[in-house]
Amino acid sequence: MLTPQGLKGKQYRITGNAYPRLGRPPKKSRKVIAALAGLLALALIALGGVQLYDIFTGKGKNTSAQACATPSGKPLAAPTPGAPAASGATGPAAPGGDPHVIPQAAAVTVNVYNATTKAGLAGRTADELKKRGFTIGKVGNAPAELDKKVPGTAQVIAGPAGAGGGTLVGSQIAGATVTADARTDASVDFVIGDSYNALLDESQAAAALALAIKPSPTPSATGSC
């Protein structure tokens, strides 16, 4: 004796090839399934509506207040300006000063020192700087701590008060390293190095100065990270 599902507990004997017809599922089960299907359809419609709203209102885009982030989730730090210190230097140019505030050349007193074995470089360079409007201070051989120890074109040294003047003097020669010391006045030392040949021409120096005082770029919220 078998009791097939849908025959409401009645038992039937199966003989031959004839089988009893199964009844339809109860109406209550059909109503529950239909209700669940309706709720699922409503949820999908609501989700699609929210996404369309975000697209048309622009809420899905980055705003200017959002910052690019590293894989760890921290905001990217802005680049830190400053050239590496050369031999005899005490650190990056003019800490505490503003190298982007550039004075007139006449307001900058430049001490010109020759750290090479080539005679006469300090005097000739001082004459060229004077023609460009700089005030010339001391002219002579480099002090012992820098003599024959400047492998590049030049080392420009200034204190906090001479930060802008150091930037201006450093722009007069390609490859000059601008560093800082603890002096309290606004004078600037121009120490000629082994690779020095001549100052940049005035148009090239102006372009180098514009590049030196250009603000560092910041990450854009609408650009790529």
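Since we're looking at a predicted model, the values are computed, not measured.

Our next topic: the overall build of the protein. Along the protein, the regular secondary structure elements total 4 helices and 5 strands. If you list the helices and strands of the protein from N to C, you get α-β-α-β-β-α-β-β-α. The buried share among the 225 residues of the protein stands at 26%. As presented, the protein carries roughly 14,900 Å² of accessible surface, and 60% of it is formed by carbon and sulfur atoms.

Relative to the assigned elements, Thr 125 resides in helix α2 (residues 121-131). Of the polar contacts made by the side chain of Thr 125, one reaches the side chain of Tyr 196; its length is 3.0 Å. Sequence-distant contacts of Thr 125, that is, excluding residues within four places in its chain, are made with Val 112, Phe 190, Ile 192, Tyr 196 and Leu 199.

Take the side chain of Arg 183 next. In this structure, Arg 183 sits in the loop between β4 (177-180) and β5 (188-192). Residue Arg 183 is classed as buried on the basis of its relative accessible area of 18%. Side chain to side chain, Arg 183 and Ser 187 meet in a polar contact 3.1 Å long. Side chain to side chain, Arg 183 and Asp 189 meet in a polar contact 2.7 Å long. Apart from residues no more than four positions distant in its own chain, Arg 183 is found in contact with Asn 111, Ile 157, Ala 158, Gly 159, Pro 160, Val 188 and Asp 189.

With that settled, consider a nonpolar patch on the surface. The grouping of Leu 36, Leu 39, Leu 42 and Ile 45 at the surface amounts to a nonpolar patch, some 460 Å² of accessible area in total. Relative to the elements of secondary structure, Ile 45 occurs in helix α1 (residues 27-57). Ile 45 sits in the exposed class, given a relative accessible area of 61%.

Applying the stated criterion across every chain, the model contains 4 salt bridges. Lys 148 is paired through a salt bridge with Asp 147; the nearest N and O atoms lie 3.2 Å apart. On the basis of relative accessible area, Asp 147 is assigned to the partly exposed category, the value being 25%. A salt bridge links Asp 181 to Arg 183, with the shortest nitrogen-to-oxygen separation between them at 2.8 Å. Given a relative accessible area of 24%, Asp 181 falls into the partly exposed group. Through salt bridges with shared partners, one network takes in Asp 181, Arg 183 and Asp 189.

With that out of the way, let us pick up the environment of Gly 120. Among the structural elements, Gly 120 can be located in the loop between β1 (109-114) and α2. Given the relative accessible area of 40%, Gly 120 is considered partly exposed.

Turning our attention to the nonpolar core. The nonpolar side chains of a soluble globular protein tend to be buried, and buried together. Membership of the largest hydrophobic core comes to 22 residues, with the highest contact counts inside it found for Val 108, Val 110, Val 112, Leu 129, Phe 134, Val 169 and Phe 190. Listed by contribution, the elements that provide at least two residues to this core are β1, α2, β3 (154-158), α3 (163-170) and β5. Residue contributions to this core peak at 4 residues, all from α2. Sequence-distant contacts of Val 169, defined by excluding residues within four places in its chain, comprise Val 108, Val 110, Phe 134, Val 156, Val 188 and Phe 190. Among the nonpolar cores identified, the runner-up in size contains 7 residues, and Tyr 113, Leu 146, Val 150 and Ile 157 belong to it.

Our focus in this paragraph is the pairing of β5. Successive residues of a regular strand alternate their side chains across the two faces of the sheet. The element β5 is extensively covered by neighbouring structure, given that 5 of its 5 residues are classed as buried. Side chains Val 188, Phe 190 and Ile 192 project from β5 onto one buried face, and the interleaved Asp 189 and Val 191 project onto a second face that is buried too. Direction of pairing for β3 relative to β5: antiparallel, over a ladder of 5 bridges. Among the inter-strand pairings, Ala 158 is bridged to a residue of β5, identified as Val 188.

Reading the values: the criteria
- Residues numbered from 1 in each chain as written.
- Predicted model: local features only at pLDDT ≥ 70, side-chain atom pairs only at ≥ 80, totals over all residues.
- Heavy atoms only, no water.
- Helix = DSSP H or I, 4+ residues; strand = E, 2+ residues; numbered from the N terminus.
- Buried < 20%, exposed > 50% of the residue type's maximum accessible area, 1.4 Å probe, protein only.
- Areas by Shrake-Rupley, 256 points an atom, 1.4 Å probe, with all protein chains shown as cover.
- Polar contact = N/O pair within 3.5 Å; in protein donor to acceptor, adjacent residues only side chain to side chain.
- Contact = heavy atoms within 4.5 Å.
- Patch = residues over 30% accessible without salt bridge, like charges linked within 9 Å, V, L, I, M, F, W, Y side chains within 5 Å.
- Salt bridge = Lys/Arg side-chain N within 4 Å of Asp/Glu carboxyl O.
- Core = buried A, V, L, I, M, F, W, Y, C linked by side-chain atoms within 4.5 Å.
- Pairing = 2+ DSSP bridges.

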